[in-house]
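Here is what each chain is made of, one letter per residue.
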Amino acid sequence: MHADTEVLVIGAGPAGAAAAAELAGAGVDVILADRHTFPRDKICGDALIPDSAQALTELGLSARIAALAAPAEGLELHAPAGDGVYLPVPVACLPRRRLDAELVAQACERGARLRVPWQFTRLLHEHGEICGAEFRPGAGTAAASGDAELEIRARWLLLATGANAAALSAAGTCTRKQPSAIAARAYFRLAPGRRCERLYMLMEPKLQPGYGWIFPCPGGTVNVGWIYFYDNPRLPAEQNVRRLFERFCRTSAIARHMLDGAAMLDDVQGAPLRCGLTGATLGSERLLVLGEAAGTTYSFSGEGIGKALESGGLAARSVLAARRCGRPASAGANYAQQMEARYRARYLAYKRAQTWLARAPIANLIARRARPGGYISHTLQAVLEERAGPDALLSLRGMLQALVRH
Ligand SMILES: Cc1cc2nc3c(=O)[nH]c(=O)nc-3n(C[C@H](O)[C@H](O)[C@H](O)COP(=O)(O)OP(=O)(O)OC[C@H]3O[C@@H](n4cnc5c(N)ncnc54)[C@H](O)[C@@H]3O)c2cc1C
């Protein structure tokens, strides 16, 4: 088979860029294509929680990202009734415009060839096998580049197109079109004298289920947002996520205090999320689906940068293994099997935890009984650091423990 490259990675967010960096670093010829030029914005909360920090360390990027990010002293969670739990876990925030540009730069430094703005439109087949992909010029470039379609042939295809269901459908790997959640965010510059040093996750009583956030970003700015999940037993009465965002900013006491005198820096922007390791076929033969395209974002929290990076690494290593053993078509099944073995139980636990937390009395009970250094705080911290699953607390057994041991 004629190939323009060995591996074609489609989508240069954290999942695709991490896979491209690892493959290029191992001496593989890689094209990394995206429909946007970089740096580009990505609607996100920008929080780098412990799994992201660990994945960035493994990629050799932690010092580079730490130099750019705003560090935070921990995470403060508030239940709808107002009680809060503080978790002193080191976390940081970096707007995705910067983070993703660094990830892409690292992949290119290791030898990946970046091709932007290329929008993936369909797969190419030869003798019944996937052999590449077709692109058209991405946003804002049609006039300059003409409408020419572009074909790239490759031995392996890694699809890392995030929550864009159209790209998944075009690749024939979509098993669920509708997203799992919707979220909206905006940046603000805090008024002089105001500081945000923690990540706040705030459940407002009248807007349940869902939560709002205020995350500190570099240069005295904050990322503020609201999220709710579609696959809860109950949906919020108001389902317009921008209106929910506005109501959160107006009604949350912490948001009102923090944003008093703040300047809004951009429009409120919304985006879907695909969660729970669902919604796509993970891998078949030479096609691997990674990151949020494969639903790697967590239900319950909506955090997904760390797991996107991890899935990129796993996909890259599956390709390397298939390449070494001379059985190229084994990559997809190997990757899917490893993703299932490593993550399925964890994602199911996050999904169940989301259902528990959608009940305000349960969130209130946990927050009311939590005390610094106590059982509940310790358990929540272990969940955040992935030393325990969320069912350590958000399950029948976990709740009984919380009642007797708080
Ligand atoms: C509002 C919001 C807040 C969030 N907050 C957080 C948070 O604070 N912390 C956290 O860890 N996670 C958060 N997440 C989740 C996080 O954004 C995702 O888990 C993460 O971006 C997934 O990375 P990815 O590489 O899989 O996909 P993406 O980051 O979405 O990257 C996909 C890439 O594919 C490209 N692409 C898409 N379609 C095509 C196409 N047809 N052709 C070519 N290229 C294409 C896109 O341009 C993009 O660059 C949040 C999500 C949302 C929506």
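Residues numbered from 1 in each chain as written. Predicted model: local features only at pLDDT ≥ 70, side-chain atom pairs only at ≥ 80, totals over all residues.

Student: Tell me about the site of the ligand, residues and numbers included.
Tutor: Neighbouring residues of the ligand: 41 residues in total, closest Gly13, Gly45, Gly162, Gly291 and Gly304. Elements with a minimum of two residues in the shell around the ligand: helix 1 (14-25), strand 9 (118-126), strand 12 (181-189), strand 17 (269-273) and helix 9 (305-325). Considering only residue class, the shell around the ligand consists of 18 nonpolar, 16 polar and 7 charged. A domain split of the shell around the ligand shows at least three residues from each of domain 1 (5-62 + 97-178 + 274-352) and domain 2 (73-92 + 180-273). (Near = placed C-beta within 6 Å. Helix = DSSP H or I, 4+ residues; strand = E, 2+ residues; numbered from the N terminus. Nonpolar A, V, L, I, M, F, W, Y, C, P; charged D, E, K, R; others polar. Domains from an automatic or database assignment.)

Student: Kindly report on the packing of helix 9 against helix 10 (residues 330-357), identifying the contributing residues and their values.
Tutor: At a minimum axis separation of 8 Å, helix 9 and helix 10 run at an interaxial angle of 140 degrees. The orientation of helix 9 relative to helix 10 falls into the category oblique. Relative to helix 10, helix 9 is oriented so that their crossing is right-handed. Where helix 9 abuts helix 10, its residues Ser311, Leu314, Ala315, Ser318, Val319, Ala321, Ala322 and Cys325 lie against Ser330, Ala331, Asn334, Tyr335, Gln338 and Met339. In the contact of helix 9 with helix 10, the residues fall into 9 nonpolar, 5 polar and no charged. (Axes fitted to C-alpha atoms, helices over the stretch in contact; angles between N-to-C directions. Parallel < 35°, antiparallel > 145°, perpendicular 65-115°, else oblique. Left-handed = near helix turned anticlockwise from the far one by under 90°. Contact = placed C-beta atoms within 7 Å.)

Student: Kindly report on helix 9, identifying the contributing residues and their values.
Tutor: If you check helix 9, its first and last C-alpha atoms are 31 Å apart, about what 21 residues at 1.5 Å a residue would give, namely 30 Å. Backbone geometry just after helix 9 places Gly326 at a positive phi near 70 degrees. (Expected span 1.5 Å × (residues − 1).)

Student: Any chance you could break down the sheet that holds strand 3 (residues 47-48) for me, citing the residues and the numbers?
Tutor: Pairing in this open sheet of 3 strands is antiparallel, and the strands run 3-7-4 from one edge to the other. The open sheet is flanked by strand 3 and strand 4 (70-72), the only strands paired with a single partner. (Pairing = 2+ DSSP bridges.)

Student: How would you sum up the domain arrangement of the protein chain? Please name residues and give values.
Tutor: Per the domain assignment, the segments of the protein chain are domain 1 (5-62 + 97-178 + 274-352), domain 2 (73-92 + 180-273) and domain 3 (359-405). For domain 2 and domain 3, the distance between their C-alpha centroids amounts to 22 Å. Of all the secondary-structure elements, those providing two or more residues to the side of domain 2 that touches domain 3 are strand 5 (75-78) and strand 6 (84-87). In the side of domain 2 that touches domain 3, the residues fall into 10 nonpolar, 3 polar and 1 charged.

Student: Let's hear about the packing of helix 2 (residues 50-58) against helix 9: which residues, and what values?
Tutor: One can describe the packing of helix 2 onto helix 9 by two numbers: an axis separation of 7 Å at closest approach and a directional angle of 35 degrees. When you trace helix 2 past helix 9, the crossing you get is left-handed. Residue-level contacts link Asp51, Ser52, Ala55 and Glu58 of helix 2 to Ile305, Gly306, Lys307, Leu309, Glu310 and Gly313 of helix 9. Class assignment for the residues of the contact of helix 2 with helix 9 results in 3 nonpolar, 3 polar and 4 charged.

Student: Please provide a residue-by-residue account of the nonpolar core, values included.
Tutor: Formed by 136 residues in total, the largest nonpolar core has its most connected members in Val9, Ala19, Ala20, Leu32 and Leu158. Ignoring anything within four residues of it in the chain, the contact list for Leu158 reads Val7, Val9, Ile10, Gly16, Ala19, Leu288, Leu290 and Ala315. (Core = buried A, V, L, I, M, F, W, Y, C linked by C-beta atoms within 7 Å. Buried ≥ 20, exposed ≤ 12 C-beta atoms within 10 Å, placed from the backbone.)

Student: Go over the pairing of strand 2 (residues 30-33), please, and point to the residues and values.
Tutor: Side chains of strand 2 alternate between two faces, with Val30 and Leu32 and Ile31 and Ala33 buried alike. As defined by bridge partners, strand 1 (residues 5-10) adjoins strand 2 across 4 bridges and the pair is classed as parallel. Each bridged residue has a counterpart across the sheet, and for Ile10 the counterpart in strand 2 is Ala33. Between the parallel pair strand 1 and strand 2, the chain is carried across by helix 1, and the sense of this crossover is right-handed. In this structure, strand 2 lies alongside strand 8 (residues 113-115), joined through 3 bridges in parallel fashion. Counterpart to Ala33 in the pairing with strand 8 is Arg115. (Right-handed = clockwise from strand over helix to strand, strands pointing away.)

Student: Before we move on, could you go through the environment of Leu68 and cite the residues and values that matter?
Tutor: You can see Leu68 is positioned in the loop between helix 3 (62-66) and strand 4. Given 14 C-beta atoms within a 10 Å radius, Leu68 is considered partly exposed. Not counting residues up to four positions away in its chain, the partners in contact with Leu68 are Leu94, Arg98 and Pro218.

Student: I'd like a description of helix 12 (residues 375-384), backed by residues and values.
Tutor: By the burial criterion, the buried members of helix 12 are Ile376, Thr379, Leu380, Gln381, Val383 and Leu384. Remark: Glu386 follows helix 12 within two positions and exhibits a positive phi of approximately 60 degrees.

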